[in-house]
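Coordinate analysis (summary)
Okay, here's what each chain looks like letter by letter:
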Amino acid sequence: MSISSAPARVSGLFSFTAHLTKARFASRQGESLLYLAAIMAFIISSALALTVAGGTWMFYNRWQHPHGLLLEVLTEDSTFDIVPQSYFILAVFACALLIPATYSLASGAAVLGARGRERRLAALRLLGLSSGDVTRMALIDTLVQATIGVGIGAVIYLVTLPLWSRLTMLGMPLSAEEMLLPWPLTAAICVAVIGLGVASAWWGLRQVRISPLGVARLGTRPRLKAWRIVLAGLVLIAGSVAMSVLPLGSGVAGFLLMAGIIVIMIQGFNIAGPWLLQQISKLIARAPRLSVIWAARRIEAHPKQTWQRVVGISLLALIGGYMALMPIEINGGDDTAGQTFVQATQWDFTKGVIITLAVGFTLTAASIFITQASAVFERAEQTIAMYKMGAPLAFSTKVMWLETLGPLVFSVVLGAGLGAAMAYPMYRYATSVGVVSDGGPIVMAIVLIAGIVLAMVALWACRPLQRRVLATQHRAND
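These notes cover the structure that comes with them. Every value quoted in this text rests on a predicted model; they were computed, and no experiment measured them. (Residues numbered from 1 in each chain as written. Predicted model: local features only at pLDDT ≥ 70, side-chain atom pairs only at ≥ 80, totals over all residues. Heavy atoms only, no water.)

Among all positions of helix H15 (residues 380-388), only Ala-380, Thr-383, Ile-384 and Met-386 are buried. Seen along its axis, H15 keeps its buried residues to an arc of 165°; they face one direction. Facing away from the buried surface of H15 by more than 90 degrees, the exposed residues are Glu-381 and Lys-388. Looking one or two residues past H15, Gly-390 carries a phi angle of roughly 115°, positive in sign. (Buried < 20%, exposed > 50% of the residue type's maximum accessible area, 1.4 Å probe, protein only. Helix = DSSP H or I, 4+ residues; strand = E, 2+ residues; numbered from the N terminus. Arc of directions from axis to C-beta.)

This part takes up the environment of Pro-464. For Pro-464, the location among the structural elements is in helix H18 (residues 463-471). Judged by its relative accessible area of 49%, Pro-464 falls in the partly exposed class.

Moving on, we come to the pattern of salt bridges. A complete count under the given rule lists 3 salt bridges for this structure. A salt bridge links Glu-178 to Arg-62; the shortest N-O distance between them is 2.8 Å. On the criterion of sequence distance, the pair formed by Glu-178 in helix H7 (residues 176-179) and Arg-62 in helix H2 (residues 31-64) is long-range, its members being 116 residues apart. Summarising the burial analysis for this pair, Glu-178 and Arg-62 share the class buried. Here Arg-298 ties to Glu-403 by a salt bridge, and the two come within 3.4 Å at their closest N and O atoms. Here Glu-403 lies in helix H16 (residues 393-432) and Arg-298 lies in helix H11 (residues 290-301), a separation of 105 residues in the sequence. With respect to burial, Arg-298 and Glu-403 carry one shared label: buried. (Salt bridge = Lys/Arg side-chain N within 4 Å of Asp/Glu carboxyl O.)

Glancing now at the packing of aromatic side chains. All chains considered together, the criterion is met by 6 aromatic pairs. Ring centres 6.2 Å apart and planes at 85° place the aromatic pair Tyr-60 and Trp-63 in the edge-to-face group. Here Tyr-60 and its partner Trp-63 are both found in helix H2, 3 residues apart, which amounts to about one turn of the helix. In this structure an aromatic cluster arises from ring pairing among Trp-57, Tyr-60, Trp-63 and Phe-88. (Phe/Tyr/Trp six-rings, centres within 6.5 Å; stacked < 30°, edge-to-face > 60°.)

Membership of the largest hydrophobic core comes to 75 residues, with the highest contact counts inside it found for Leu-50, Phe-59, Tyr-87, Leu-170, Phe-341, Leu-408 and Val-412. The dominant element in this core, judged by the number of residues it contributes, is helix H4 (residues 82-110), at 12 residues. Leave out the neighbours within four places in its chain, and Leu-170 touches Phe-59, Arg-62, Leu-70, Val-83, Pro-84, Tyr-87, Phe-341, Thr-345 and Asp-348. Counting 5 residues, the second largest nonpolar core, distinct from the first, contains Leu-34, Ala-373, Phe-377 and Leu-465. (Core = buried A, V, L, I, M, F, W, Y, C linked by side-chain atoms within 4.5 Å. Contact = heavy atoms within 4.5 Å.)

See the structure below:
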């Protein structure tokens, strides 16, 4: 008689996962808050993704099927077709800039409460489940969260469509019909957000190895190498050469090619960014203050995660700083319709950048909240131990603020400064010929400050969670 050593496949994983989720809500250990926070993250990311895509769809339809004032202008001067075409291309570029922030939020929601998940998976392994079974249960859990969040986000997108009628673009107010995406595109975006969350959860589980005895072992995180700087330099040089050689900015293909090259150059910054952040944190860790040292060590240990939180805002701040000084003027000619169109669209670019920045900051603030909420519960044992050793709650709070707000403010200031520096030569030339936009820098400064304040609010919202961790110093079911 032979005995098979292969683990038996467990059936009924959906019902078992639902039972465990119900138990998490009944345990009153903060797991329910993390579960709801993950759903909220998917709600925000899906609602904003659908809204931004709806705006891009609106610009595409106005370019392909002009009406109203735009049709009058095109009837008098067909060369104005470049204007709605440029609006559409800029909208596509804005969507590309928001992808890092959306990815950060969705992936953060998928791995929310990773430490608690590892312990649950370890307990399940002790009960006899195979590694494949616990992986499938974790993916089912994420799939349920993402589906609920995306469903609610889609409803919010549909409900808020009429609110956009207060905004004017291309000389005409927006309408709910124009912002409404066709159902195949809506379904594709929803599936993409859900798939992003499930893929992030699967990738996170690959970093953890749980033995049949319930021992969870995290994968090692090797120190980042300096080759990232070399590769980033090669990417930036190649992009600069391509920008000077290729025929860019001529027609739709030229604009899309230019946008593609810019996106590739941005990847160069993404390659070098984590390494630079790690090196800077190593220098800051030599500071005399303990809270600064602690925050710098955390950043040094997780430079990729820290950079992922701030890279989207850095890019948006760069665009904001560039558009704040970049003088954009539409010449409408001498005809009546053209002059009316110019007056009606003089603030369109500023409004578009403000909307993009607002969406990006909202995504980042939500990502900061769920990331820090997860970290509070994952570091609960450490926080309690330090508190018993005499470290006050204010110390942990200060470390949390330095760890998050420091890189965020640095990335915003750096991005806005680089963008303004890129636009300054043309700004000086435009000023010399009398083309000046006085309100742009002020408006952009207000938006950037508001974004930082929003991130501070997200950090402040995590303070009650820290108090709850200190108040709950034992498991309720022990």
